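# Structural overview for review
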Amino acid sequence: MARPRRSVTAAVPPVRGAFRDRHGRGMRSSVAGPHLPMLRSRIDLFEMTVAATAEYLRGAWPDELADVRFEVGALPIALRGSDGIDRWSVSHEQRRIVLYRLPIERLARLHRHDEIHLRMLIESCVLRAVAELLGKDPWDIAPDRFRHF
């Protein structure tokens, strides 16, 4: 006996993966779940620390830092020579500070490698870069920043 032919006007099959409700058990949830905090990476921690320090400095020096851009880069484009790898670069003409994440994080010699000491290292690099831009001593930029330590 011959098989019946399918008609051309047959129903279009549903798109695979449209809603993933297999076997009637409901929608799949995220891997981490709604009750867990969002995962933070090293990049997020670095960018948040730079942004928080920049906002603090803009509040302390509003006229001098009003049009300064803070940027985060992975690595400097070129080495300067025998003095090592730059942790940041300052452009006086463009009013721009670029902090290089990998040299700051990887070449640091912290006595304790935890989140608070890493944050203090990043903050000190931002303070020194701003001091270089403004032509001031880093301790004059934010003398009360680390008073609680």
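The residue count restarts for each chain, going from 1 along the sequence in the order it is written. Local features in this predicted model are restricted to residues of pLDDT 70 or higher, and side-chain atom pairs are both shown and tallied only at a pLDDT of 80 or more, whereas totals for entire chains, interfaces and linings draw on every residue. Heavy atoms from the whole structure form the basis of all side-chain values; hydrogens and water molecules are not counted.

## Details of the pattern of salt bridges
Salt bridge, as used here, is a side-chain nitrogen of Lys or Arg placed within 4 Å of a carboxyl oxygen of Asp or Glu. Overall, the coordinates contain six salt bridges when judged by the stated rule. Arg58 is the salt-bridge partner of Glu55, the closest N and O atoms lying 3.6 Å from each other. Here Arg58 and Glu55 lie together in helix 1 (residues 42–60), a separation of three residues that amounts to about one turn. Relative accessibility under 20% of the residue-type maximum defines a buried residue, over 50% an exposed one, and the middle range a partly exposed one, all with a 1.4 Å probe and only protein chains included. A relative accessible area of 53% means that Glu55 is categorised as exposed. By relative accessible area, Arg58 is classed as partly exposed at 26%. For Arg101, the salt bridge is made with Glu105, and the minimal N-O distance between the two is 3.0 Å. Taken together, the residues span about one helical turn, with Arg101 and Glu105 both in helix 2 (residues 101–106) at a distance of four residues. When its relative accessible area of 13% is taken as the criterion, Arg101 is described as buried. One salt-bridge network, held together by shared partners, links Arg69, Glu71 and Arg96. A run of H or I in DSSP becomes a helix once it reaches four residues, and a run of E becomes a strand once it reaches two; helices and strands are each numbered from the N terminus.

## With respect to the layout of surface pockets
Throughout, the protein atoms alone are placed on a 1 Å grid, and a set of points is a cavity if a 1.4 Å probe fits but cannot get out or a pocket if it is open with protein on both sides within 12 Å along at least five of seven lines; lining residues have an atom within 4 Å of a point. Grid points are joined across faces, edges and corners, and a volume is the space filled by probe spheres set on the points. Of the voids in this model, the second largest pocket is the one considered here, and its volume is about 160 Å³. Taken together, ten residues make up the lining of the second largest pocket; nearest its centre are Pro76, Ile77, Asp86, Ser89 and Tyr100. No other element matches strand 3 (residues 96–100), which puts three residues into the lining of the second largest pocket. Here the lining of the second largest pocket is built from residues that sort into five nonpolar, one polar and four charged. Under this grouping Gly is polar, as are all residues other than the nonpolar Ala, Val, Leu, Ile, Met, Phe, Trp, Tyr, Cys and Pro and the charged Asp, Glu, Lys and Arg.

## Focus on helix 3 (residues 115–134)
Expected span of a helix, by definition, is 1.5 Å for each gap between consecutive residues, and there is one gap fewer than residues. With 20 residues, helix 3 extends 29 Å from end C-alpha to end C-alpha; this agrees with the ideal 28 Å at 1.5 Å per step. Backbone geometry just after helix 3 places Gly135 at a positive phi near 75°.

## Description of the environment of Arg101
Along the chain, Arg101 and Ile43 lie 58 residues apart, while their C-alpha atoms are 7.9 Å from each other. Every residue pair with non-hydrogen atoms within 4.5 Å of one another is taken to be in contact. Apart from the residues within four sequence positions on either side, Arg101 is in contact with Arg42, Ile43, Phe46, Val72, Gly73 and Ala74.

## Thoughts on the sheet that holds strand 2 (residues 88–91)
One open sheet accounts for three strands, arranged 1-3-2; its pairing is mixed. Looking at the sheet topology across the chains shown, the edges are occupied by strand 1 (69–73) and strand 2. Between one strand axis and the next, the sheet turns through 15° on average, direction left out of account. Strands were regarded as paired on the criterion that DSSP finds at least two bridges between them. In this sheet, strand 3 lies alongside strand 1 in parallel orientation, the contact comprising five bridges. Of the residues in strand 3, the one forming a bridge with Arg69 is Arg96. Convention adopted: a line fitted to C-alpha atoms gives each axis, helices being fitted over their contacting stretch, and angles between N-to-C directions are expressed from 0 to 180 degrees. Relative to strand 1, helix 1 is tilted by about 165°, and along the sheet it contacts strand 1 and strand 3. Packing of helix 3 onto the sheet brings it into contact with strand 1, strand 2 and strand 3, and relative to strand 2 it is tilted by some 25°.

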